[in-house]
Amino acid sequence: MDLLWHFILAAAVSKFGNAQINNIPAPSNAKVITDSVTDTEFWVTWDVVSKADSYKVILSPPQIGAVGVGNGITDKFTAIGGLAPDTEYKVTIIPVKGSTEGTPAVVVQRTALPAPASLFVVSDTVSATQFVVGWAKVDGAQSYTLEVNPSTGVSGTGRGLYKTNSNLLGLTPNTLYTITVRAINWVGLGAPISTRQLTKLPAPSNVRVVSETISHNTMSVHWDPVVGADTYEVTVSPPEGVRGAGQGVTESYVILRNLKPDTQYRVQVAATNAAGLSEYKQAITKTLSVCFAKGMDFTNDVITIRCPARCSRNQDHVYGTREYTADSFICAAAVHDGRINDNVGGEVVVKKRPGLPHYVGTGRNGVTSKDYGSWHQSFVFGLQVPQNFRVQPGSVGHTSLTLLWDAVNGADAYRLAAQPSFGVVGARPGIEDTKATLSNLRSDIEYTIYLTATNTLETSEATVLKQFTALAAPPKVEVIPESVVHDRMNITWFPVVGASHYLLDVTAGTTSFKHESKSTSTMIDGLMSGTLYRVSVRAVNNVGPGGPRFITQYTKLSTPKNIEAESVNWERMHVQWDTVPGATHYVIITVPGNSRNTSLTTKTPWIWIENMSPDTMYEIRVQAVNEHEKSKSASIRRMTALGQPRDLVVKNKTHNSLTLAWDRVRNADNYFIEIVSISGRQAASDEITRNRVTLTDLDGRTEYKVKVVARNKNGDGKPTTLGVTTLIPPPSNLVVRRSTYNPSQIEVTWSQMPETTSYFISVYPTGDISGIGKVNVNRGVVGGLRSGILYTLRVMALIGSERGMNATATFATGLPSPSNVRVHQEYIRPTSLFVEWDQVRLAKYYNVTYQNMRTRETKNIYNIANSSILLEDLDPGTKYLITLFAVGISRHGGRTTQLGSIGASTSGTTMLEPPTDLAILNFTDSSVILGWNSVRFATHYKVFISPDPGINGTGTHESNRVTLSGLMLGQSYGAWVYAVNAQNNATSDRNEIQIDTDTLQPDRSDSYYLDENGPAYEDDNTWDQPSDDVSVPEQGPKYADPSSIDEPVEEKNTWIIIVIIVLCLGLLLVFGLVPCCCECLTKKPLLRCSGFCGCCAPCSDVGCCGCTGCCNASPKNAKFANDDENEFPAHALRTHSKRSYQVRY
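In this text, all values refer to a predicted model and were calculated from it rather than measured experimentally.

**Student:** Could you give an account of the overall build of the chain, naming the residues involved and the relevant values?
**Tutor:** If you tally the helices and strands in the chain, you get 5 helices and 91 strands. Of all 1145 residues assigned to the chain, the portion counted as buried reaches 43%.

Right under this line is the structure:
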């Protein structure tokens, strides 16, 4: 019920606001103290309600374990604890008077975020001055705050951290830091999480090696103490065998022992505390050479050291002879005592002894020792135990073995002893070499062998070696006779007790190999035939091979293999086969045989078999033989080659070819032909399948030898030869030229040939032809030819009565060249030319070639039936070279021949395109600026104006803009422009414009510029933009029609217009018709007005007139309109006499 009441109360408050529902008002100024909000609690305060005895605080949602809520709260505040982090709570405060509850007040508050789940320091980053701290991400956190204590000099802390880690810098070495992290959101700071971390110590300083302590195996390392260090860690590199380094060093120095002589060491020192190791500091130094080792440096009474070479240089510290003071350098003393070679060095044994009362110095082996008095300790060099005492590999037999050992310095001889010693030869004292052989041993017995080194003063300790002798030889070895073949044999023997397996040595001459077997019988294969083999058998155990037992045996001869027959011809062949090892010779039998080759003998693995029959199958048998036996026979079947081709004849010959034929040869697959000149300068060969061949590319008048051989799979047959000589070559460079004066006559020339006595000329078809027959020079004139006929001309060289090959030329009496080839002047256009010519008799059609002289591009038109052609798609203002050919057809003797003529040429130049979009770009009261579009291929422009007295700016211009000055106000002018190409003498049609100065407005300053797309306004600060009455069309500017300009229109203007029209008609009657008759009689234009001209046709025979003359006037009578004395340019007359037009703006 209490809960239901609160729901009703909350609904009432929501509906009626703060309106009281009873006499006890709601607490005012209820709020949460901002700084009190944590992740588990916050404080709520309110103003005192005078009528209330206590307050009731309700928490929603309810929280188990929450404190600071419930009834009976008498203070005007409460601390609500035990809350969940990051949770929104609604706190209702109800004043209570007795049992009556007043109007509630509500406060809403969210708890802060929880602490990060974990906070840690990245151990690998901890140093003396920094480390990296990281923490777990808190959901809903907007940022984090990080605090460090102590915080002096530390960076990387503070609020507003957006990552979950931070690198703390500027820390103090060996200091314990407390790190606290809180998550932050809009509520405030979340719960804290803390951890502690100790920084590492600083690295030890002044790490050094005390130079006075450095010896060949010892040094001491010192450093300055580190405050706060628990211990030190010392590492040495290389570390092998070093004593004194490691962890847990409590002093600020170490003594390193057991170092290697003459070795560079790196010593590193680090201080340690609870945080771990500090950074390392290092010192690098090198130990002394072992040459500096003294006897007193070692604690043992007997020591062995290895001395390097060149230790004699340290002989200043050697005292005594044979016995040396303990502070003497060992290696220099060893050189002095002869125990090592100073150039090589070596190992010595040092034995300590009590000191002597006096030491005597001497000079020995390049070292001079010194005298010295009494010293407490001495050392001498002892004989070493012989080292590397061993059995020579492969020397252990069943009755002997060989021993090896290294030489001992200071030893005079060596002593060997063996157990058991009975009958052993070689075990004795006084052995001066380092090698000895023990013989007369018993097989399969273990011997113990002792070796000592000796000299006149002492004997070294003995080194001991134990060795078994090998097994005895097998009692009996034999070959199984039935197993012997050409490449293998089976050998058997009696077993040997203790043998693990058996080793067989197989030898034939200088060739040998080994074979192993675990049984007492084995098959030896891979042998050579007919060869004597010596086989030894040895029993083998872990000691090695035992004594040998020998046997000898011949192998059988093998059958000859890979018999081949080569170089087979019609009467012999070469037979070869693989060499049979052990064979002394071979026997060859042929079937079928004859008295000469039935049975042949050879010592080589090949033979020539002679006197065989052509095209015959033979069987050849080969057998290997030696003094002991014969092998089986091997055979091959082979057929001999074919016989010779018969009836070889020359069917045809020329100066450079021969055609040969012969009878077919039975079973021939093809024929081999070879031709060789007698002089040897030329040779060729070929292979064909037919019995006929043509040989080409031969030399003229040359003797050749021809050989023909029939071939099949068995080889080359018997050859047939023939001698033949080629004909005299035809004259070269035969040229036929048409006579310039007589179309029925030709001139013939050819190159002079050496040794030639005369030439013979013939022509076909024949007729009444002159100039043929024998001539003595290399030229001739042949006449009486008919036109339009295909002729064959032959010229032959003669040397005495010997006739040569004809040189042949075919020619036709041709057509005449087209005449009067011309370009029609009236049809010259910018992109076309009209070409005409006179008709050629017998011509069927014409071909034309025209070349652009600027680009050198050439085009052709074929099969033109008429005598004119229009050449189109030409470039403007370009000169073309035009060549015309007449073509006819000749039919003679069933052959059709095309006849042609020599080309006739002319040239023509196309017009340029006329300047377009001619326009007034700007004007004043006495000048205008004209502009037009650039004309492709134009080199310049010519500008004219009429009337022209006093006008400046006309003439030739390279630009497409010109200024005409000196105009008179109120005067009408006609101006025209045409393009010119000076290189090709080409012009264009002209473009005209009318200039009426009385209609121009001086205060207007319209300007245009021209580009490839036509005129447009020019952006120039000195010119104004065009006024509204000027329109600019897409292809160029034109002034608007004056009637389109908006001006006031008054009715009184109507009668003025009528009066002007009447006056104009009257003037036309008076000044036009009256002078018409007289003016037209002189063929001059009747009217001239600013570019407009007219003629009076009724009164004269002039067809039409232009400003530059009448259309049918001759060039010499064409005059400028304003000057009868100056002739108009010829090209202007030609180009412009047909076209005149007026442009008025």
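And the narrative resumes.
**Student:** Help me get a handle on the packing of aromatic side chains, residues and values and all.
**Tutor:** The geometry of an aromatic ring pair is captured by the separation of the ring centres together with the interplanar angle, meaning the angle of the planes. Tallied over the full model, the rule gives 22 aromatic pairs. Between Tyr-324 and Phe-381, the ring centres sit 6.0 Å apart and the planes meet at 65°, which makes this aromatic pair edge-to-face. A residue pair is termed long-range when its members are at least 10 positions apart, and Tyr-324 in strand β26 (residues 323-325) and Phe-381 in strand β30 (residues 377-382) qualify at 57 residues. For the pair shown, Tyr-324 and Phe-381 are each scored as buried. Ring pairs connect the aromatic residues Tyr-319, Tyr-372 and Trp-375, which therefore count as one cluster. Over the face of the ring belonging to Trp-976 we find Arg-990, whose NZ or CZ atom lies 4.7 Å from the ring centre.

**Student:** Explain the side chain of Thr-287 residue by residue, including any values.
**Tutor:** Checked against the element boundaries, Thr-287 lands in the loop between β23 (281-286) and β24 (302-307). Look at Thr-287 and you get buried, because its relative accessible area is 3%. Not counting residues up to four positions away in its chain, the partners in contact with Thr-287 are Ile-214, Ser-215, His-216, Met-219, Leu-259, Lys-260, Pro-261, Asp-262, Thr-263 and Tyr-265.

**Student:** Residue-level account of the environment of Thr-250, with values.
**Tutor:** Tracing the sequence through the fold places Thr-250 in the loop between β19 (246-249) and β20 (253-256). Relative accessible area serves as the criterion here: at 59%, Thr-250 is assigned to the exposed category. In this structure the C-alpha to C-alpha distance between Thr-250 and Tyr-232, which are 18 residues apart in sequence, comes to 6.3 Å. Those residues within four positions of Thr-250 in sequence are excluded, and the remaining contacts are Thr-231 and Tyr-232.

**Student:** An account of the sheet that holds strand β62 (residues 773-775) is requested, with residue identities and associated values reported.
**Tutor:** With respect to topology, 4 strands assemble into an open sheet ordered β62-β61-β64-β65, the strand pairing being antiparallel. Each edge of the open sheet carries a strand with a single partner, namely β62 and β65 (802-812). Strand after strand, the sheet turns through a mean of 25° between neighbouring axes, direction not considered.

**Student:** Report on the side chain of Ser-988, specifying residues and quantitative values.
**Tutor:** Secondary-structure assignment places Ser-988 in the loop between β80 (986-987) and β81 (991-996). From its side chain, Ser-988 meets the backbone nitrogen of Ala-979 in a polar contact 2.8 Å long.

**Student:** Can you tell me about the sheet that holds strand β10 (residues 131-135), naming the residues and giving the values?
**Tutor:** The 3 strands lie next to each other as β9-β10-β13, forming an open sheet whose pairing is antiparallel. Whereas interior strands pair on both sides, the edge strands pair on one side only; in this sheet they are β9 (119-121) and β13 (165-168). Each strand axis lies, on average, 20° off the axis of its neighbour in the sheet, ignoring direction. Inspection of the sheet shows β9 paired to β10 by 3 bridges, in the antiparallel sense. Along β10, the bridge assignment pairs Phe-120 with Gly-134.

**Student:** Quick one: what's the story with the pairing of strand β74 (residues 919-923), residue by residue and with numbers?
**Tutor:** In terms of burial, β74 is largely enclosed, as 5 of its 5 residues are buried. Taken together, the 4 bridges between β74 and strand β75 (residues 927-931) define a ladder with antiparallel strand orientation. Counted as the bridge partner of Ile-920 is Leu-930 from β75. Here β74 folds back onto β75 in antiparallel fashion, the turn holding 3 residues.

**Student:** An account of a positive patch on the surface is needed here, citing residue identities and associated values.
**Tutor:** On the surface, Lys-651, Arg-664, Arg-690 and Arg-692 cluster together into a patch of positive charge. As for its position among the elements, Lys-651 is in strand β51 (residues 649-653).

**Student:** Outline the pairing of strand β36 (residues 463-468), listing residues and values.
**Tutor:** Going residue by residue along β36, you find Thr-463, Leu-465 and Gln-467 tucked away on one face and Val-464, Lys-466 and Phe-468 left uncovered on the opposite face. Where strand β35 (residues 446-454) meets β36, 6 bridges bridge the pair, whose relative direction is antiparallel. In the strand pairing of β36, Ile-449 is matched with Leu-465.

**Student:** Explain the pattern of salt bridges to me, using residue names and the numbers behind them.
**Tutor:** For the structure shown, the criterion picks out 26 salt bridges. A salt bridge links Glu-101 to Lys-56, with the shortest nitrogen-to-oxygen separation between them at 3.4 Å. In this pair, Glu-101 is assigned in strand β7 (residues 100-101) and Lys-56 in strand β3 (residues 54-60), connecting sequence segments 45 residues apart. Between Glu-610 and Arg-572 there is a salt bridge, and its shortest N-O distance comes to 3.2 Å. Of this pair, Glu-610 sits in the loop between β48 (606-609) and β49 (617-625) while Arg-572 sits in the loop between β44 (564-566) and β45 (573-576), and the two are 38 residues apart along the sequence.

**Student:** Would you mind going over the state of the cysteines in detail, with residue names and values included?
**Tutor:** By definition, a disulfide is the covalent link that joins the sulfur atoms of two cysteine residues. Scanning the model with the defined rule gives 2 disulfides in all. In this model Cys-291 forms its disulfide with Cys-311; the gap between the sulfur atoms is 1.8 Å. Between Cys-291 and Cys-311, the S-S torsion sits near -70°, and that sign places the bridge as left-handed. With Cys-291 in the loop between β23 and β24 and Cys-311 in the loop between β24 and β25 (320-321), this pair connects stretches of sequence that are 20 residues apart. Pair check on accessibility: Cys-291 and Cys-311 agree, each one buried. Put simply, Cys-307 and Cys-331 are joined by a disulfide, and their sulfur atoms are 2.1 Å apart. When the S-S torsion is -85°, as for the bridge of Cys-307 with Cys-331, the disulfide is left-handed. Residue Cys-307 is found in strand β24, and its partner Cys-331 is found in helix α2 (residues 330-336); the two are separated by 24 residues along the sequence. The same class applies to Cys-307 as to Cys-331, namely buried.

The rules we used
Residues numbered from 1 in each chain as written. Predicted model: local features only at pLDDT ≥ 70, side-chain atom pairs only at ≥ 80, totals over all residues. Heavy atoms only, no water. Helix = DSSP H or I, 4+ residues; strand = E, 2+ residues; numbered from the N terminus. Buried < 20%, exposed > 50% of the residue type's maximum accessible area, 1.4 Å probe, protein only. Phe/Tyr/Trp six-rings, centres within 6.5 Å; stacked < 30°, edge-to-face > 60°. Lys NZ or Arg CZ within 6 Å of the ring centre and 35° of its normal. Contact = heavy atoms within 4.5 Å. Pairing = 2+ DSSP bridges. Axes fitted to C-alpha atoms, helices over the stretch in contact; angles between N-to-C directions. Polar contact = N/O pair within 3.5 Å; in protein donor to acceptor, adjacent residues only side chain to side chain. Patch = residues over 30% accessible without salt bridge, like charges linked within 9 Å, V, L, I, M, F, W, Y side chains within 5 Å. Areas by Shrake-Rupley, 256 points an atom, 1.4 Å probe, with all protein chains shown as cover. Salt bridge = Lys/Arg side-chain N within 4 Å of Asp/Glu carboxyl O. Lys, Arg positive; Asp, Glu negative; His and termini not counted. Charge placed at Lys NZ, Arg CZ, Asp CG, Glu CD. Disulfide = S-S within 2.5 Å.

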